[in-house]
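Examining the three-dimensional arrangement
Below are the chains, spelled out letter by letter.
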Amino acid sequence: MSRERLVSPELISKEEETFNRTLRPPTLKEYIGQKRVVEKLSIALEAAKKRGEALEHILFFGPPGLGKTTLAYIIAHAMEAKITTTSGPALERTGDLMGILTNLGERDVLFIDEVHRLPANIEEFLYPAMEDFKVDFVVDKGMFAKTINVPLKKFTLVAATTRAGSLSAPLRNRFGLFYHLDFYNADELKEIVLRSSRILETTIDDKGAEEIARRARGTPRIANRLLRRVRDYAEVKGSGEITAAVAEAALKLEGVDERGLDDLDRRFLNAIIGLYHGGPVGVEALAATLNEEVDTLVDMVEPFLLQQGFISRTKSGRRANEPAYGHLNLPSLRPRAAELPFRD
Ligand code: ADE
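Residues numbered from 1 in each chain as written. Predicted model: local features only at pLDDT ≥ 70, side-chain atom pairs only at ≥ 80, totals over all residues. Heavy atoms only, no water.

A word on the sheet that holds strand E7 (residues 177–180). Either a parallel or an antiparallel arrangement is found when strands of a sheet pair, and the pairing is made through backbone hydrogen bonds. The parallel open sheet is built from five strands, whose spatial order is E2-E3-E6-E1-E7. In the strand order of this sheet, the two ends are held by strand E2 (83–87) and E7, each with one partner. For this sheet the average axis-to-axis angle between neighbouring strands, irrespective of direction, equals 15 degrees. Pairing of strand E1 (residues 58–61) with E7 involves four bridges; the strand directions are parallel. Its bridge partner lying in E7, Ile-58 is registered against Leu-177. The sheet contacts of helix H2 (residues 35–51) involve E1 and E7, and relative to E7 the element is tilted by about 160 degrees. (Pairing = 2+ DSSP bridges. Helix = DSSP H or I, 4+ residues; strand = E, 2+ residues; numbered from the N terminus. Axes fitted to C-alpha atoms, helices over the stretch in contact; angles between N-to-C directions. Contact = heavy atoms within 4.5 Å.)

In the neighbourhood of the ligand, the contacting residues comprise Leu-23, Pro-25, Glu-30, Tyr-31, Ile-32, Tyr-184, Ile-192, Arg-195, Pro-220 and Asn-224. One of the backbone nitrogen or oxygen atoms of Ile-32 is found 2.9 Å away from a nitrogen atom of the ligand. A distance of 3.3 Å separates a nitrogen atom of the ligand from a polar atom in the side chain of Arg-195. The fraction of the free accessible surface of the ligand (260 Å²) that becomes covered by protein chains is 94%. Where the shell around the ligand is concerned, the elements lending two or more residues are helix H7 (186–200) and helix H9 (220–237). Tallied by class, the residues present in the shell around the ligand amount to seven nonpolar, one polar and two charged. (Near = heavy atom within 4 Å. Polar contact = N/O pair within 3.5 Å; in protein donor to acceptor, adjacent residues only side chain to side chain. Areas by Shrake-Rupley, 256 points an atom, 1.4 Å probe, with all protein chains shown as cover. Nonpolar A, V, L, I, M, F, W, Y, C, P; charged D, E, K, R; others polar.)

Moving on, we come to the domain arrangement of the protein chain. When its domains are assigned, the protein chain resolves into domain 1 (34–180), domain 2 (186–253) and domain 3 (263–339). Placing a centre on the C-alpha atoms of domain 2 and another on those of domain 3 gives a separation of 29 Å. (Domains from an automatic or database assignment.)

Inspection of the entire model under this criterion finds one cavity of 30 Å³ or more. Put simply, the largest cavity is a space of about 60 Å³. Every residue lining the largest cavity is listed: Val-7, Pro-9, Pro-63, Pro-64, Phe-183, Arg-217, Thr-219, Ile-222, Asp-299, Met-300, Pro-303 and Phe-304. In terms of residue count, helix H13 (residues 294–307) provides more of the lining of the largest cavity than any other element does, four residues in total. Per-class residue counts for the lining of the largest cavity are nine nonpolar, one polar and two charged. Two domains each put at least three residues into the lining of the largest cavity: domain 2 (186–253) and domain 3 (263–339). (1 Å grid on protein atoms, 1.4 Å probe; cavity = no way out; pocket = protein on both sides within 12 Å on 5 of 7 lines; lining within 4 Å. Points joined across faces, edges and corners; volume = space filled by probe spheres on them.)

Before going further, it helps to spend a moment on the packing of helix H12 (residues 283–290) against H13. Orientation of H12 relative to H13, taken along the N-to-C sense of each, is 100 degrees, at an axis distance of 9 Å. When the axes of H12 and H13 are compared, the pair comes out roughly perpendicular. Packed against H12, whose contacting residues are Val-283, Glu-284, Leu-286, Ala-287 and Leu-290, the element H13 presents Val-294, Leu-297, Val-298 and Glu-302 at the interface. In terms of residue class, the contact of H12 with H13 is built from seven nonpolar, no polar and two charged. (Parallel < 35°, antiparallel > 145°, perpendicular 65-115°, else oblique.)

Attention now moves to the pattern of salt bridges. According to the stated counting rule, one finds 27 salt bridges in the structure shown. Of the charged contacts, one joins Arg-93 and Asp-96 as a salt bridge, the two residues approaching to 3.0 Å between their closest N and O atoms. Arg-229 is the salt-bridge partner of Asp-232, the closest N and O atoms lying 2.8 Å from each other. Placement of both Asp-232 and Arg-229 in helix H9 is noted, with a separation of three residues, approximately one turn of the helix. Residue class for Asp-232 comes out partly exposed when judged on its relative accessible area of 34%. Linked by salt bridges that have partners in common, Arg-5, Arg-217, Asp-262 and Asp-265 make up one network. (Salt bridge = Lys/Arg side-chain N within 4 Å of Asp/Glu carboxyl O. Buried < 20%, exposed > 50% of the residue type's maximum accessible area, 1.4 Å probe, protein only.)

The set of residues buried in helix H1 (residues 14–23) consists of Glu-16, Phe-19, Asn-20 and Leu-23. In an axial view of H1, the angular spread of the buried residues amounts to 100 degrees, which keeps them on one side of the axis. (Arc of directions from axis to C-beta.)

This part takes up the nonpolar core. Membership of the largest hydrophobic core comes to 79 residues, with the highest contact counts inside it found for Ile-75 and Phe-268. Counting residues in hydrophobic clusters, the runner-up holds 28 residues, among them Met-98, Leu-101, Phe-125 and Phe-133. (Core = buried A, V, L, I, M, F, W, Y, C linked by side-chain atoms within 4.5 Å.)

The next point concerns the packing of aromatic side chains. Applying the stated criterion across every chain, the model contains five aromatic pairs. Ring geometry for Phe-125 against Phe-137: centres 6.3 Å apart, planes inclined by 70 degrees, an arrangement best described as edge-to-face. Of the two residues, Phe-125 is situated in helix H5 (residues 120–132) and Phe-137 in strand E4 (residues 134–139); the sequence distance between them amounts to twelve residues. Accessibility expressed as a relative area gives 9% for Phe-125, which makes it buried. Measuring from ring centre to ring centre gives 5.5 Å for Phe-133 and Phe-155, while their planes differ by 90 degrees; the resulting arrangement is edge-to-face. Taken together, the residues Phe-133 in the loop between H5 and E4 and Phe-155 in the loop between strand E5 (146–151) and strand E6 (156–161) connect sequence positions 22 residues apart. (Phe/Tyr/Trp six-rings, centres within 6.5 Å; stacked < 30°, edge-to-face > 60°.)

Now for the side chain of Arg-217. Checked against the element boundaries, Arg-217 lands in the loop between helix H8 (206–214) and H9. Within the structure, Arg-217 has its side chain in polar contact with the backbone oxygen of Gly-260 (distance 2.9 Å). The residues contacting Arg-217, other than those within four sequence positions of it, are Arg-5, Val-7, Phe-183, Ile-222, Gly-260, Leu-261, Asp-262, Asp-265, Met-300, Val-301 and Phe-304.

The geometry of helix H4 (residues 94–102) relative to H5 is characterised by a closest axis approach of 9 Å and an angle of 30 degrees between their N-to-C directions. Considered as vectors, H4 and H5 are oriented roughly parallel to each other. Considering how the two elements wind past one another, H4 and H5 form a crossing that is right-handed. The segment H4 lies against H5, with Thr-94, Leu-97, Met-98 and Leu-101 engaging Asn-121, Ile-122, Phe-125, Leu-126 and Ala-129. Across the contact of H4 with H5, the residue classes tally to seven nonpolar, two polar and no charged. (Left-handed = near helix turned anticlockwise from the far one by under 90°.)

Next up, the structure:
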């Protein structure tokens, strides 16, 4: 079930994509947060530029909305190169990818989002392109089939995935640089909200920025989306200035609570607690109960709830933790036996 969700880490519209472009930091200097990634990436960039070479292929992984696309644009900008963007599910035929690859110049960036969703034939087609900067293209069929070997310019593949674990080993092994993006802390998100407000020429005070940051689920894309809603509210219901009270009222109206949880998160927690006695319960059972896709729960709902300690993943399924009971004002059902966390 696809439904618009104010705190979804995914892009919710084309219009939002355009809006985000105006807020995207163009350089690493202006990039807030992900300090270790920024430091390692700036060294790799400088070294590649000094040698006059293309940057090694890069894999960014981590939850959606944390800046993978932004970093790809920053890389292209820093290398003074062109960027072409596509995504795993958008590439259906080798011919499509062939066209893209042969148009890349020396040091250009090819950004593939959701690379874990590349069809198998496209993935195999990509191997020689990444490794030897050539592609083997088959033309004609049957007895007239010919393989044409096409050389490519030395480009950089920047790929992004929410699930590094679901990449095949041959694909993973062809990347030289791996960067894991993690949720941002409240101070970083506050800085991002203040920076975006400056670009949008919106008046906001420190406390207003903190209120938005606190509800942004560690995700800049959500922080910027909440800022837009609060800005609208401030312009219609107030003087246009964003204060803590304005931010709080606007986001309450949108169903986003003080920890950034929305209706779907609360339904998710309530189902584990109310219907499955706090768990453990399998994600498939939860998806059926909530009438949601398993992927939606795994990619959009669980990462933040796990990171905040509201739930844990155990061998036998998901369980609700103490903070979830506290947040929902529910009495804890029973003391819990210690259980080893399970990672997959
Ligand atoms: N806008 C969105 N993400 C950002 C970041 N990490 N730094 C600065 N501005 C941003």
